[in-house]
Amino acid sequence: MSINRPFSITSLGTFASCRLQFRYAYVDRVETETESVEAFMGSRVHEALEELYRQVKNGLVRSKDWLVEKYEEGWRKNWHAAVRIVRRDFSAEDYLRRGRGGLEEFHDRYRPFDQAKVVALEEKISFTVRDGEDEFPFVGVVDRIDWNPKENLFEIHDYKTSGSLMTQAEADADRQLALYQHALTGRDPEYANARLVWHFLLFDKEVRSRRTPADLAALAKDVAGEARAIEAAKAEGDFPPRKSALCDWCAYQDICPLWRHPLAMENAEVNAYLGNPGVRLVARYAELEAAKKTRRDEIAELEAEQKRVEEAVLDFARREKVGRIDGPGHELWVTSREEFGVPLKKDDPGRWERLRKLVREAGRFEDVATINAFMLNARARSWPRELYDKITALLGRRTVWKVELREKRR
Ligand code: SF4
């Protein structure tokens, strides 16, 4: 299996939300300077807390002002023109203030930071997730690891600066810290008993969770399954874009095929906009679609009326016992034939199954069954890789293009 870059929980999440974004970030490794202000603020908060705890580790407790100064200094030094503020109702100053407020409350809550002993800060970990024969390399960064001597356990900490708070159920299902626990347990079995701790700085709230060895084993299996799906997508070059609310925070919007043209048109002069070949094609396509709809409505009305006439014709033919009905310039022929009605699985699953069983046991199934492209496209990807590869070697491959008119919404 070819693996050219280690996985991470972040990269798996990116793959799940938009495969194209995954490709830009982790396969093509497109360089981008664009950074969301939320990510920028999160980095500065992490740096300030790392510094604070480095001091704590050396026996020094720094003041709240010292912590705020570290944060603001980092903000000033790192600020750059490509920091993007998506939410128009907030300014950079608002984000700076929110981060500062979160740090002040954090300092108030934990000072003198003696709840546990600091073991590691911003610890980079590399590990392997195994599932059967397959092995997948992973990397991660743990914000802080503590040893809690009172409770005799390790704590794995994560700082969050997001504007949404995790519920307990979400924390219990969260994968990042649990995967780090899985990795650290591989190094030292004592981590099997670790506590997972999230600090939501903008809410002055701590959320905790624990995992059993069975939870960690199940997580490793899930994660390996996702890594395997990524490898399959890489082999097939299957990285379609997926538009969602997250696009507004995507650093690749300007090269993404779903955004390149709309973004270019956003700033175009009216005449340039109306003269743009793409804009003109959409306008014409929409016009034709509207005309087709008018015709379709008319045809639907004609068909409904014709159906009513057809029923009257059948009535007439049965009543008069005739198979040919004379008319001006045309005549109507009325014929009938007997054919089987095959039960559908959704309507009568018992009869559908009995029928299949009977035909299969009689050795006649292949006479009436056929492989169809629709079912193969829907199912084959979930079959074992080896079978899938053998089948796809026998299939032709074509790119199916589709043009679809949608109402414009950002
Ligand atoms: S802009 Fe949206 S669709 Fe395009 S790559 Fe980014 S997340 Fe995917």
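Some thoughts on the overall build of the protein
Helix and strand content of the protein: 15 helices and nine strands. Compactness check: the protein gives a C-alpha radius of gyration of 32 Å against a globular reference of 22 Å for 410 residues, more than 25% above the reference. Nonlocal contacts in the protein, meaning residues at least 24 apart in sequence, comprise 64% of its contacts between residues at least 6 apart. Total accessible area computed for the protein in this model is approximately 27700 Å², and 52% of it derives from carbon and sulfur atoms. Charged side chains in the protein number 71 positive and 72 negative. The centres of these two groups are separated by 2 Å.

Structural notes on the packing of aromatic side chains
Tallied over the entire structure, the rule returns 18 aromatic pairs. Pairing Phe106 with Tyr110 gives two aromatic rings, centres 4.6 Å apart and planes at 50°, and the pair type is tilted. With Phe106 and Tyr110 both in helix α5 (residues 92–110) and four residues apart, this pair spans about one turn of that helix. For the pair shown, Phe106 and Tyr110 are each scored as buried. Between the aromatic rings of Trp147 and Phe154, the centroid separation amounts to 4.9 Å while the plane-to-plane angle is 65°, which identifies the pairing as edge-to-face. Considered together, Trp147 and Phe154 belong to a single accessibility category, that of buried residues. Each residue in the set Tyr53, Phe106, Tyr110, Phe113 and Tyr159 is aromatic and connected to the rest through ring pairs, giving one cluster. Above the ring of Tyr53, the side-chain terminus of Arg144 is found at 4.0 Å from the ring centroid.

Observations regarding the side chain of His157
When you line up the elements, His157 lands in strand β5 (residues 153–160). One polar contact links His157 to Glu155, side chain to side chain, over a distance of 3.0 Å. For His157, the contacting residues outside a window of four places in its chain are Val142, Asp143, Arg144, Asp146, Val197 and His199.

Observations regarding the environment of Pro241
Within the element layout of this structure, Pro241 appears in the loop between α8 (213–236) and α9 (260–266). Sequence separation of Pro241 and Gln21 is 220 residues, and the distance between their C-alpha atoms is 7.1 Å. Excluding its chain neighbours within four sequence positions, the residues that come into contact with Pro241 are Cys18, Leu20, Cys256, Pro257 and Leu258.

Considering the nonpolar core
Ranked by internal contacts, the top residues of the largest apolar core, which has 40 residues, are Val129, Phe138, Ile156, Leu179, Trp198 and Val223. Top contributing element to this core by residue count: α8, with eight residues. The next biggest cluster of nonpolar side chains, apart from the first, holds 25 residues, and it includes Leu52, Val56, Leu67 and Leu201.

How each quantity is defined
- Residues numbered from 1 in each chain as written.
- Predicted model: local features only at pLDDT ≥ 70, side-chain atom pairs only at ≥ 80, totals over all residues.
- Heavy atoms only, no water.
- Helix = DSSP H or I, 4+ residues; strand = E, 2+ residues; numbered from the N terminus.
- Rg over C-alpha atoms; globule rule 2.2 N^0.38 Å.
- Contact = heavy atoms within 4.5 Å.
- Areas by Shrake-Rupley, 256 points an atom, 1.4 Å probe, with all protein chains shown as cover.
- Lys, Arg positive; Asp, Glu negative; His and termini not counted.
- Charge placed at Lys NZ, Arg CZ, Asp CG, Glu CD.
- Phe/Tyr/Trp six-rings, centres within 6.5 Å; stacked < 30°, edge-to-face > 60°.
- Buried < 20%, exposed > 50% of the residue type's maximum accessible area, 1.4 Å probe, protein only.
- Lys NZ or Arg CZ within 6 Å of the ring centre and 35° of its normal.
- Polar contact = N/O pair within 3.5 Å; in protein donor to acceptor, adjacent residues only side chain to side chain.
- Core = buried A, V, L, I, M, F, W, Y, C linked by side-chain atoms within 4.5 Å.

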